[in-house]
Amino acid sequence: MTRVLIDCDPGHDDAMAILYAAKHLDLVAITTVHGNAPLEDTTRNALSVCTLAKLNVPISAGADRPLVQPKLQKQTLHGKSGIDGADLPVPDRDVTGEHAALTIIREARRAPGELVLIAVGPMTNVALALRLEPKLPELLKGLSIMGGSTTLGNVTATAEFNLWADPEAAAAVFDCGIPVMMAGLNITRQALIREPHVARMRASGGAVGKVMGDLQEFYARRSHSVYGLGGAPMHDSCAVVPFVHPDLIKHRECHVHMELGSPQVRGTTICDLRTFLSEPAGATRQQQKANALVALEIDGDAVVDKVVDAVVSYDS
């Protein structure tokens, strides 16, 4: 079974990704980062989700701000707590006391070549781990992120939130030396939890299904009121899918440039998806070496069904 560590900022979609991963993979640790909410909230939310589902997974808190830019203003999409819509249980455990970056390094060293790092929040913890352990890319089996987009953004016209929240960290991740598996908004918004899925979770008869159903109903309403979406997007689960149901998602190898420039484009992932039938002429047309596997196709309905299957199984 694939060993995975999830670095996250729960978050409604993070919670679903945790439950999905824990059901199918060897989830060895969870690390938390600033993002959807301040660090203290994202950490509490991760602890509460694990308490709810009775997941015995160590949780380490990490960075409370980006590497370079000022601390983010509090976000509102996920509500005041970062995961509004249901009463989550009071955590029955605490964090490890180890910084998230150190947890990432320790778990990678424990079994070199076996750990998949799945980062579904701002990339700050991952970038710190790369600074502390330059050999981290060699120690990992894979690195999968939810972030970026090949098309539109959700913070600016072109920038997606997770990578916009700490673009310097994201740049370090894309430059780390191993292919980064990227699930961006271009595909994650095709995996939407709708009313029938909410009803199915609530009908599971247990606490996990009811709470997660209530949470996703809230997130669906917010996603519709802000972005006009027809459901709650399962952004973060799309970064887990390649290791559980790889047939449901297709990637293309390409170079991704992380833009750090003007406010209008800062945080944008520029994905070179050009195709040349012959050697392009001129230095300006040359393609840089691929550093990512960018998701371009997904069976969104099937992905949502699989994620909901995982959630309701906790109550069976």
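Up top is the structure.
Described below are features of the structure shown in this document. (Residues numbered from 1 in each chain as written. Predicted model: local features only at pLDDT ≥ 70, side-chain atom pairs only at ≥ 80, totals over all residues. Heavy atoms only, no water.)

### As for the sheet that holds strand 4 (residues 115-119)
This is how the line gets drawn: Pairing between strands is defined by DSSP: at least two bridges between the two strands are required. Helix and strand assignments follow DSSP, with helices taken as H or I runs no shorter than four residues and strands as E runs no shorter than two, numbered in order from the N terminus. Each axis is a line fitted through C-alpha atoms, and for a helix only the stretch in contact is used; angles between axes span 0 to 180 degrees, taken between their N-to-C directions. By the convention used here, residues are in contact when the closest approach between their heavy atoms is within 4.5 Å.
Strand order in the open sheet formed by nine strands is 3-2-1-4-5-6-11-9-10, with mixed pairing between adjacent strands. Unpaired on one side and paired on the other, strand 3 (59-61) and strand 10 (269-272) mark the two borders of the sheet. The mean inter-strand angle of the sheet, taken between neighbouring strand axes irrespective of direction, is 30°. Summarising the sheet, strand 4 and strand 5 (residues 140-146) pair through five bridges and their orientation is parallel. Paired with Leu115 across the two strands is Leu140, which belongs to strand 5. Of the strands in this sheet, strand 5, strand 6 (180-183), strand 9 (249-258), strand 10 and strand 11 (292-298) touch helix 7 (residues 167-174), which is tilted by about 115° from strand 9.

### Here we look at the nonpolar core
We count it as follows: By nonpolar core is meant a set of buried Ala, Val, Leu, Ile, Met, Phe, Trp, Tyr and Cys residues that side-chain atoms within 4.5 Å join together. Buried residues are those whose accessible area, probed at 1.4 Å on protein chains only, stays under 20% of the maximum for their type, while exposed residues exceed 50% and partly exposed ones sit between those limits.
Membership of the largest hydrophobic core comes to 62 residues, with the highest contact counts inside it found for Leu19, Ile30, Ile193 and Met212. Sorting elements by how many residues they give to this core places helix 12 (residues 300-313) first, with eight residues. Setting aside chain neighbours within four positions, we find Ile193 in contact with Met16, Val198, Met201, Gln216, Ala220, Gly231, Ala232, Met234, Val304 and Val308.

### Looking at the side chain of Asn125
Inspection of the secondary structure puts Asn125 in helix 4 (residues 124-132). Leave out the neighbours within four places in its chain, and Asn125 touches Asp7, Thr32, Val33, Gly62, Ala63, His99, Ala100, Ala101 and Ile104.

### A few points about the environment of His255
Note the threshold: As used in this structure description, the phrase polar contact means that two N or O atoms lie within 3.5 Å; if the pair is within protein, one of them must be able to donate a hydrogen and the other to accept it, and residues adjacent in sequence are counted only when both atoms belong to side chains.
By the secondary structure assignment, His255 is in strand 9. Sequence-wise, His255 and Arg65 are 190 residues apart; in three dimensions their C-alpha atoms are separated by 27 Å. Beyond its immediate sequence surroundings of up to four residues, His255 is in contact with Ile270, Cys271, Asp272, Gln288, Lys289, Ala290 and Asn291. A polar side-chain atom of His255 sits 2.9 Å from the main-chain carbonyl oxygen of Lys289.

### Quick look at the packing of aromatic side chains
The cut-off we apply is this: Paired rings are identified among Phe, Tyr and Trp, the last through its six-membered ring, by centres lying within 6.5 Å, and are further divided according to the angle between planes into stacked (under 30 degrees), edge-to-face (over 60) and tilted (the rest). Only when the NZ atom of a Lys or the CZ atom of an Arg is both within 6 Å of the ring centre and within 35 degrees of the ring normal do we say a charge sits over the ring.
Under the defined criterion, the tally for this structure stands at one aromatic pair. Judged by centre distance (6.0 Å) and plane angle (40°), the ring pair of Phe161 and Trp164 falls under tilted. Note that Phe161 and Trp164 are positioned in helix 6 (residues 161-164) at a spacing of three residues, about one turn of the helix. Since its relative accessible area comes to 9%, Phe161 is described here as buried. A cation over an aromatic ring shows up here: Lys23 above the ring of Tyr314, its NZ or CZ 4.3 Å from the ring centre. Over the aromatic face of Tyr227 sits the side chain of Arg189, whose NZ or CZ is 4.7 Å from the ring centroid.

### Remarks on the pairing of strand 4
Of all the five residues making up strand 4, five are buried; the element is thus mostly covered by neighbouring parts of the structure. On strand 4, burial covers both faces: Leu115, Leu117 and Ala119 on one face and Val116 and Ile118 on the other are all buried. Two strands pair when backbone bridges link them, and strand 1 (residues 3-8) and strand 4 are joined in this way by five bridges, in the parallel orientation. Bridging from a neighbouring strand, Val4 pairs with Val116 of strand 4.

Keep in mind these values describe shape, not function.
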